[in-house]
Amino acid sequence: MGAGVMQKDGGGGRRRRSRRGGARPMAEINVTPFVDVMLVLLIIFMVAAPLMTVGVPVELPKTAANALPGEHEEPLAVTITAEGVVMIQTTEVPRDELINRLRAIATEREGDRVFLRADGAVPYEQVVQVMGALNRAGFSNIGLVTDTGGPALNATGN
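Residues numbered from 1 in each chain as written. Predicted model: local features only at pLDDT ≥ 70, side-chain atom pairs only at ≥ 80, totals over all residues. Heavy atoms only, no water.

A. Geometry of the overall build of the protein. From N to C terminus, the protein includes three helices and nine strands. Put simply, the protein runs from its N terminus to its C terminus through helices and strands in the order β-β-α-β-β-β-β-α-β-α-β-β. The buried share of the protein, reckoned over its 158 residues, is 23%. For the protein, the computed accessible surface area is about 11900 Å², with 57% contributed by carbon and sulfur atoms. (Helix = DSSP H or I, 4+ residues; strand = E, 2+ residues; numbered from the N terminus. Buried < 20%, exposed > 50% of the residue type's maximum accessible area, 1.4 Å probe, protein only. Areas by Shrake-Rupley, 256 points an atom, 1.4 Å probe, with all protein chains shown as cover.)

Right, here's the structure in full:
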């Protein structure tokens, strides 16, 4: 790592070199390469972290609701795309198999929380049908995912 050689001072202000024991290694560590490696790793993780999110791209409707608190278990996400396709996480599921697949997932999970993401262009009837399928499969804690910053329905605009 960056070891240097120091000379031993013989005393009396004179410097002497002897063949044995005259040179000893420095006990200092050069931390510059360590800092460089750590900064590179930090940049890699900062770039890679946003790419690790799971989801299907949909245009979520905007509301004035607050965000839900996080949990220790990764939430199950059910998505309805603008074309009406239902997806569990990133896997497309036919509507007639939806309840059976959700029941299989429910037996493996601790909690019953599921996040329902639906494109803003999807008719309300389709959203409610998927909510009914989620409830029938055993998921009673359904959170509707929206984007923040939408219109508020009170007179003050808050």
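B. Region of interest: the nonpolar core. Membership of the largest hydrophobic core comes to 19 residues, with the highest contact counts inside it found for Val-78, Ile-80, Leu-98, Leu-102, Val-130 and Leu-134. Looking at this core, the elements with two or more residues in it are strand 4 (76–80), strand 5 (86–88), helix 2 (98–108), strand 7 (113–118) and helix 3 (124–136). With four residues, the top contributor of residues to this core is helix 3. Not counting residues within four places of it along the chain, the set of residues in contact with Leu-102 comprises Leu-76, Val-78, Ile-88, Ala-133, Leu-134, Ala-137 and Phe-139. (Core = buried A, V, L, I, M, F, W, Y, C linked by side-chain atoms within 4.5 Å. Contact = heavy atoms within 4.5 Å.)

C. The environment of Thr-146, seen in detail. Examined against the element boundaries, Thr-146 turns out to sit in the loop between strand 8 (141–145) and strand 9 (147–148). Residue classification places Thr-146 among the partly exposed residues on the basis of a relative accessible area of 28%. It is 5.4 Å that separates the C-alpha atoms of Thr-146 and Pro-61, two residues lying 85 residues apart in sequence. Here Thr-146 is in contact with Leu-60, Pro-61 and Thr-63, once residues within four sequence places are set aside.

D. Quick peek at the pattern of salt bridges. Applying the stated criterion to the full structure yields one salt bridge. Linking Glu-97 and Arg-101 is a salt bridge whose minimum nitrogen-to-oxygen distance equals 3.0 Å. The class of Arg-101 is partly exposed, set by a relative accessible area of 35%. (Salt bridge = Lys/Arg side-chain N within 4 Å of Asp/Glu carboxyl O.)

E. Main features of the pairing of strand 7. Within strand 7, six of the six residues are buried, which leaves it mostly tucked inside the rest of the structure. Pairing of strand 4 with strand 7, which is carried by five bridges, proceeds in the parallel orientation. Bridging from a neighbouring strand, Ile-80 pairs with Ala-118 of strand 7. Bridge analysis of strand 7 against strand 8 gives five bridges, and the strand direction is parallel. Following the sheet pairing, Arg-113 is matched in strand 8 by Asn-141. (Pairing = 2+ DSSP bridges.)

F. How the structure looks around unusual backbone geometry. Not every positive phi belongs to a glycine, and Gln-89 is a case in point at roughly 55°. Inspection of the secondary structure assignment puts Gln-89 in the loop between strand 5 and strand 6 (91–92).

Any functional reading would require information beyond the geometric quantities listed.
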